[in-house]
Amino acid sequence: MTTKQLQEELLTLKKKNQVTILAHYYQPIEIQEIADYVGDSLGLSQKVSKINSEYLIFAGVDFMAETASILNQDKHVLIPNYESCCPMAAFLTPELVREFKNEYPDLPVVVYVNSTATVKAESDICCTSSNAVKVVNNIGIEFNVESVLFGPDANLADYTEQISGIRCIPMPDIGHCYVHSQIKPEHLMEMRKKFPHANLLVHPECTRKVRELADFVGSTAHMYYKVKNSSSNDIDFIIGTEIGLIQRMTQDFPEKNFYPVMDKLICYNMKKHNLELIKYLLENLDDKTFEVKVPAEIAKRAIKPIEKMLDFS
Ligand code: 13P
Ligand code: SF4
């Protein structure tokens, strides 16, 4: 069976069973093509809070499916491969958050959505890379402080501090994304030499040295819309994020050229899903093996910082 035929079969099954499929921009392109909605972490959280179908298949990493489950406790959230996790989330445990809170009892806790539900339950507000600056500014005003605790991504904390002027104390200072951390200044300099007229876009999960060499720093959705709204004279774009976004933009904007900032910039965790696994789910919707359910006690606490973030966005 060809990929196209399998995709058609899945679209029929999805319609028949009234299932919604959500996918992150880093998903394999053949999954993005059959999804009802493709977006960044913020867009997906916003979408998830407005879904009507009883079953929801989340093609993303586990924290995204957990967020969907927290926001839709009466629905069934399924993940095609339960081994798809975000290693960055492991940098921050609830115990570590409590240690920081003891040390800085007056500071609000801002937690990146790339975190476990138990960590979110310890926080005052969540953020994504799209809204971190806005969230930190607002929470700073609300708590009347000029510093916040921020985790687990130390690079996003640094970026948010640079733009907002609010000190973002990283929890911990080594938290990072293994995909974006591979990008080094020399990769950017090499690409600049090859394509001197290209726009260079990078994700805020990159290190400061890399961000400082870019023309634009933004989340996956911000990069997508930067390209979408660019003038017809802007043809060439060097992209510093996971390859899935480049595949998406190549399809949506065929008149532009996209160059990955380095080879093999792949989030292997995001790529653990495939069409066959989604087919299995669509044919076995009640197989609890793949259902993501956050315990009610945790969900009750974690929903507050997530909803607070959505209210601010
Ligand atoms: P955004 O989709 O919010 O840009 O985040 C990228 C990411 O690493 C998701 O895990
Ligand atoms: Fe986590 Fe980085 Fe993969 Fe995003 S790209 S899911 S932050 S490891």
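Structural data are supplied above this passage.
Just so it is clear, the model here is predicted, and its values are computed rather than measured.

(A) Structural view of the side chain of Asn-131. Secondary-structure assignment places Asn-131 in the loop between β6 (125–127) and α7 (132–143). Classification of Asn-131 as buried rests on a relative accessible area of 4%. Apart from the residues within four sequence positions on either side, Asn-131 is in contact with Leu-42, Met-309 and Ser-313.

(B) Inspection of the pattern of salt bridges at higher detail. Taken as a whole, this structure holds 13 salt bridges when the rule is applied. Taking the shortest distance from any N to any O, the salt bridge between Glu-122 and Arg-301 comes out at 3.3 Å. Linking Glu-122 in the loop between α6 (117–120) and β6 with Arg-301 in helix α14 (residues 296–312), this pair joins segments that are 179 residues apart in sequence. Judged by its relative accessible area of 34%, Arg-301 falls in the partly exposed class. In this structure, Asp-158 engages Arg-211 in a salt bridge whose closest nitrogen and oxygen atoms are separated by 2.7 Å. One end of the pair, Asp-158, is in helix α8 (residues 154–164); the other, Arg-211, is in helix α10 (residues 208–211), with 53 residues separating them in the sequence. Arg-211 shares its class with Asp-158; the two are buried. Bridged by salt links that share partners, the residues Glu-95, Arg-98, Lys-101, Glu-122 and Arg-301 form one connected network.

(C) Molecular detail of helix α9 (residues 185–194). Among all positions in α9, only Pro-185, Leu-188 and Met-191 are buried. All buried residues of α9 fall inside an arc of 130° around its axis, so they share one side. Turned more than 90 degrees away from the buried face of α9 sit Lys-193 and Lys-194, all of them exposed. As for α9, its buried residues are in contact with β9 (199–202), α10, β11 (236–240) and β12 (257–260).

Reading guide: rules and limits
- Residues numbered from 1 in each chain as written.
- Chains lettered and ligands numbered in written order.
- Predicted model: local features only at pLDDT ≥ 70, side-chain atom pairs only at ≥ 80, totals over all residues.
- Heavy atoms only, no water.
- Helix = DSSP H or I, 4+ residues; strand = E, 2+ residues; numbered from the N terminus.
- Buried < 20%, exposed > 50% of the residue type's maximum accessible area, 1.4 Å probe, protein only.
- Contact = heavy atoms within 4.5 Å.
- Salt bridge = Lys/Arg side-chain N within 4 Å of Asp/Glu carboxyl O.
- Arc of directions from axis to C-beta.

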